[in-house]
Amino acid sequence: RRTQQTIGVPSPSISLAIDWLEQQCPRISTELRALVHNDIGAHNLLIDNEHLSGILDWELAAIDHPALDLGYARDWISQVVPWERFMSQYRDEGGPSFSSLELDFYTLWAAIRIYVLLINARAAIAAGLIRDMEVVYTAADAIPWVVRRINYVLNIVLQSN
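Residues numbered from 1 in each chain as written. Predicted model: local features only at pLDDT ≥ 70, side-chain atom pairs only at ≥ 80, totals over all residues. Heavy atoms only, no water.

S.K.: So what exactly am I meant to see when it comes to the packing of helix α2 (residues 12–24) against helix α5 (residues 100–126) here?
M.R.: Between two packed helices, both the angle of their axes relative to each other and the distance between the axes serve to describe the pair. Contact geometry for α2 and α5: axes closest at 10 Å, N-to-C directions at 135°. Here α2 is positioned oblique relative to α5, judged by the angle of their axes. Every pair of crossing elements has a handedness; the one defined by α2 and α5 is left-handed. Along the contact surface, α2 presents Ile14, Ala17, Ile18, Trp20, Leu21 and Gln24, while α5 presents Leu101, Asp104, Phe105, Leu108, Trp109, Ile112 and Tyr115. Taken together, the residues of the contact of α2 with α5 break down into eleven nonpolar, one polar and one charged. (Axes fitted to C-alpha atoms, helices over the stretch in contact; angles between N-to-C directions. Helix = DSSP H or I, 4+ residues; strand = E, 2+ residues; numbered from the N terminus. Parallel < 35°, antiparallel > 145°, perpendicular 65-115°, else oblique. Left-handed = near helix turned anticlockwise from the far one by under 90°. Contact = heavy atoms within 4.5 Å. Nonpolar A, V, L, I, M, F, W, Y, C, P; charged D, E, K, R; others polar.)

S.K.: What is the right way to read unusual backbone geometry from this model?
M.R.: If a residue is not glycine, its phi is most likely negative; likewise, a peptide bond is most likely trans. Not every positive phi belongs to a glycine, and Glu50 is a case in point at roughly 65°. For Asp57, which is not glycine, the phi dihedral falls at a positive 60°. Here Asp57 shows up in the loop between β3 (51–55) and β4 (62–64). Classification of Asp57 by relative accessible area gives partly exposed; the value is 43%. (Buried < 20%, exposed > 50% of the residue type's maximum accessible area, 1.4 Å probe, protein only.)

S.K.: How should I be thinking about α5 in this particular structure?
M.R.: Count 3.6 residues to each turn of an α-helix, and residues three or four apart come out pointing the same way. Compared with an ideal rise of 1.5 Å per residue, which puts 27 residues at 39 Å, α5 spans 39 Å between its outermost C-alpha atoms and is within 8% of the ideal. Just past α5, the residue Gly128 takes up positive phi, approximately 80°. (Expected span 1.5 Å × (residues − 1).)

S.K.: Just checking my understanding: could you explain the confidence of the model for the protein for this structure?
M.R.: Should pLDDT be low for a region, the predicted coordinates there are not to be read in detail. Counting all residues, the mean pLDDT for the protein is 90, and 94% of those residues have values of 70 or more. Across the protein, helix α4 (residues 83–92) holds the top mean pLDDT of 96, while helix α1 (residues 2–7) sits lowest at 64. (pLDDT = per-residue confidence, 0-100.)

S.K.: When you look at the side chain of Asn44 in this model, what are you seeing that I'm missing?
M.R.: In this fold, Asn44 is placed in the loop between β1 (34–36) and β2 (45–48). Leaving out residues up to four positions away in the same chain, Asn44 has contacts with His37, Asp39, Gly54, Ile55, Leu56 and Asp57.

S.K.: Looking at this structure, how should I read the packing of aromatic side chains?
M.R.: What characterises a pair of aromatic rings is the spacing of the ring centres plus the angle enclosed by the ring planes. Tallying each qualifying case throughout the model produces six aromatic pairs. Centroid distance Trp83 to Phe86: 5.6 Å. Interplanar angle 25°. Geometry classified as stacked. Of this pair, Trp83 and Phe86 are both found in helix α4, three residues apart, which corresponds to roughly one turn of the helix. Using a relative accessible area of 9% as the deciding quantity, one classes Trp83 as buried. (Phe/Tyr/Trp six-rings, centres within 6.5 Å; stacked < 30°, edge-to-face > 60°.)

Shown next, in the form of structure tokens:
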């Protein structure tokens, strides 16, 4: 919350999303833990002959709630296969079941996390600490997209819970 207030893009939806996440924390199970990638997505999958042969870039890995990776990847998964069908296959292959609240929580959490990373990068760029043009472009280009994504996910979350 402090990062949003000091260097974030002023947005009532960001504040509302953070409030909703804080309100839901007591309802999210802390019992289930697993190794999570924390940046899982098509950009970190190694595919060989249409088969997954590896997952790359584990520098952000941690022990956390397994729904975190699902929430993070939910947007791009939904572009490839209907979410319900993916989750059914996920459970059929031995993945744990999660409540819709847990999945919604970690989907919104992931979007807020990306937002915070981007606004921190923007602050570092403004302070002259980052001069990499790829990072500059990403921070400038992606923040409006992430804010729109947060608005979209927040709308779904508020309607379903």
